[in-house]
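Analysis of the macromolecular model
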Amino acid sequence: MLQRLIHSARVNVFESARFYYWLLIVLTSYFLLNRFLQKLSFVYLDNRWIELKVGEGILFGFAYVIILISAWFLRKNIPSFVFWCWGGLVLIFLINEFQFAYGGPDYSLMESLTKSQGYYTAKFTMPILFWGIWSVLKKANHYGFVFVTQLKRFLTINAILIIAGAVFGVSLFESYPLSGRWGYSGFLWHLSFHNLAYGVFLLYFLEQKKKPWVYIALFGLVLLLIGQKAGLLYFLLIFTLGVVTNRYLQGGIIAIFSVFVCSAQFWLPYIVSLSPFWENVYNKHGVWGSLLSLRNENIENIWGIISPQLSVFDVMFGGAIRFPMCVEMMTFDILIYFGVLGLFLFVLLIFKIVPHLKWSIPILVACFGGGIYEAPLGMLLFFLTLALVKRDKHSYSP
């Protein structure tokens, strides 16, 4: 009897692409609805309904438990580098956690798991293990395509709302409602998920033999209307690496962009004068503070904290700074949380699962603007799409 139950659970849950499809549907639906309700209440009721975020954490925690059990059952099929990268990051977290608990009288495991380092590590490592599982499940391509198609429909409707918001100035559709900062995100209200979702889909459309140019144009326009520098960077990199095929022309575009950024002190004052919000940021924080959205100051502040007692251990394993203190630039955040060893493990993972340079764009954007690792759903979407591209590049066009 017990053996039959275990077998049924393995077949219908832990080794089932259909089950994971429905799990993704539930996670995505709650995430999108939760963020929209928070946005709605913030704009009209001056209350973000933060309580809804608790349910989001519980759902993703439940999903992580399911993924861990699946990884155990599928351990012989999942590539070993997935376990090395995932396990190495988790081990580094545990080492730092024990060290912090031993030296900190106010340490709280519950606080770590819900607000601090445990929470960050969970949302950063869960998608890694998910990729390993999804990449070996039977019928994963079929259910992956169905999920991508359904999400594409939502993002298309949302893209229309973004355009309507930009044309008519609808506060509810703003990326930063009631802040005075320009940009529109429709129903979406997660600063990292906005540009990542449209950027990943744009990359996926460009991967198809028969390219859906209407969707490519629509999603490309959205990246410009979101009003985020990360969206502009996505657009530029996708155009340069995904549309332009001549290497000399690609190099020329990158060189021109580099010169453009380096000469920002000459042209930025004229650009920011068009926006009271950015003019205020520029006057207070200067050129680089405006371009990097104060991330340069985050680096300076964190370095000022850790530099006096920085040790070889901190360099190799991180842990000197704990979440939520962060830079919001992937390379720096991995270094301060997991050290050089953790950064090496993550780079190894990316080299293994990214099929070619074009698909490294979400990682490149995250190195300058955070993003991909700040929303577990965004990282799940990126890794799922990578698995689709790797297993069957041209079998389906969503």
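Residues numbered from 1 in each chain as written. Predicted model: local features only at pLDDT ≥ 70, side-chain atom pairs only at ≥ 80, totals over all residues. Heavy atoms only, no water.

1. Observations regarding the overall build of the protein chain
- Looking only at helices and strands, the protein chain features 18 helices and zero strands.
- Here the C-alpha atoms of the protein chain give a radius of gyration of 22 Å, agreeing with the 21 Å that 2.2 N^0.38 yields for 398 residues.
- The C-alpha extent of the protein chain, read off along each of the three principal axes, is 75 × 55 × 50 Å.
- Looking at the 398 residues of the protein chain, the share that counts as buried comes to 49%.
- Within the protein chain, contacts between residues at least 6 apart in sequence are counted, and of these 71% link residues at least 24 apart.
- As displayed, the protein chain offers around 19,600 Å² of accessible surface, 69% of which is attributable to carbon and sulfur atoms.
- Of the charged side chains in the protein chain, 29 are positive and 17 negative, and the gap between their average positions amounts to 17 Å. (Helix = DSSP H or I, 4+ residues; strand = E, 2+ residues; numbered from the N terminus. Rg over C-alpha atoms; globule rule 2.2 N^0.38 Å. Buried < 20%, exposed > 50% of the residue type's maximum accessible area, 1.4 Å probe, protein only. Contact = heavy atoms within 4.5 Å. Areas by Shrake-Rupley, 256 points an atom, 1.4 Å probe, with all protein chains shown as cover. Lys, Arg positive; Asp, Glu negative; His and termini not counted. Charge placed at Lys NZ, Arg CZ, Asp CG, Glu CD.)

2. Comments concerning the nonpolar core
- Grouped together as the largest cluster of nonpolar side chains are 110 residues, with contacts concentrated most on Tyr 20, Trp 134, Tyr 198, Phe 338, Phe 346, Trp 359 and Phe 383.
- Discounting chain neighbours no more than four positions away, the residues touching Phe 346 are Phe 124, Met 330, Ile 334, Ile 363 and Met 379.
- Residues Ala 264, Leu 268, Val 272 and Val 281 belong to the second largest nonpolar core, which totals six residues. (Core = buried A, V, L, I, M, F, W, Y, C linked by side-chain atoms within 4.5 Å.)

3. Details of unusual backbone geometry
- Note the cis peptide between Phe 323 and Pro 324, where omega equals 15°.
- Examined against the element boundaries, Pro 324 turns out to sit in the loop between α15 (312-317) and α16 (330-353).
- The phi dihedral of Ser 293 falls on the positive side, at around 50°, and the residue is not glycine.
- With respect to the helices and strands, Ser 293 occurs in the loop between α13 (276-291) and α14 (295-306).
- The backbone of Leu 294 shows a phi angle near 70°, a positive value even though the residue is not glycine.
- Examined against the element boundaries, Leu 294 turns out to sit in the loop between α13 and α14.
- Leu 294 gets classed as partly exposed once you look at its relative accessible area, which sits at 28%.

4. Looking at the pattern of salt bridges
- Summed over the entire model, instances satisfying the criterion amount to four salt bridges.
- Notably, a salt bridge pairs Glu 15 with Arg 10, separated by 2.6 Å at the nearest N-O pair.
- The partner of Glu 328 in a salt bridge is Arg 295, and the shortest N-O contact between them spans 3.4 Å. Taken together, the residues Glu 328 in the loop between α15 and α16 and Arg 295 in helix α14 connect sequence positions 33 residues apart.
- Looking at Glu 328, the relative accessible area reads 32%, which means it is partly exposed. (Salt bridge = Lys/Arg side-chain N within 4 Å of Asp/Glu carboxyl O.)

5. Focus: the side chain of Thr 28
- Counting through the fold element by element, Thr 28 comes out in helix α2 (residues 17-45).
- Overall, the relative accessible area of 6% leaves Thr 28 in the buried class.
- Reaching out from Thr 28, the side chain makes a polar contact with the backbone oxygen of Leu 24 at a distance of 2.7 Å.
- Once you skip the residues sitting within four places of it in the chain, Thr 28 turns out to touch Phe 147, Leu 151 and Leu 377. (Polar contact = N/O pair within 3.5 Å; in protein donor to acceptor, adjacent residues only side chain to side chain.)

6. Here's the deal with helix α4 (residues 80-103)
- For α4, built from 24 residues, the straight-helix expectation of 34 Å at 1.5 Å per residue is met to within 8% by its first-to-last C-alpha distance of 34 Å.
- Regarding α4, the residues found buried are Phe 81, Val 82, Cys 85, Trp 86, Gly 88, Leu 89, Val 90, Ile 92, Phe 93, Asn 96 and Glu 97. (Expected span 1.5 Å × (residues − 1).)

7. Description of the environment of Asn 296
- In this structure, Asn 296 sits in helix α14.
- Put simply, Asn 296 and Leu 380 are 84 residues apart on the chain and 28 Å apart in space, counted from C-alpha to C-alpha.
- Residues in contact with Asn 296, not counting those within four places in the same chain, are Trp 288 and Gly 289.

8. Description of the packing of helix α12 (residues 264-272) against α13
- With their axes 11 Å apart at the nearest point, α12 and α13 run at an angle of 155° to one another. As far as their axial angle goes, α13 and α12 are roughly antiparallel. α12 and α13 meet at a crossing whose hand is right-handed. Only Trp 278, Glu 279, Tyr 282, Val 287, Ser 290 and Leu 291 of α13 make contact with α12, whose side of the interface consists of Ala 264, Gln 265, Trp 267, Leu 268, Pro 269 and Val 272.
- Residue composition of the contact of α12 with α13, by class: nine nonpolar, two polar and one charged. (Axes fitted to C-alpha atoms, helices over the stretch in contact; angles between N-to-C directions. Parallel < 35°, antiparallel > 145°, perpendicular 65-115°, else oblique. Left-handed = near helix turned anticlockwise from the far one by under 90°. Nonpolar A, V, L, I, M, F, W, Y, C, P; charged D, E, K, R; others polar.)

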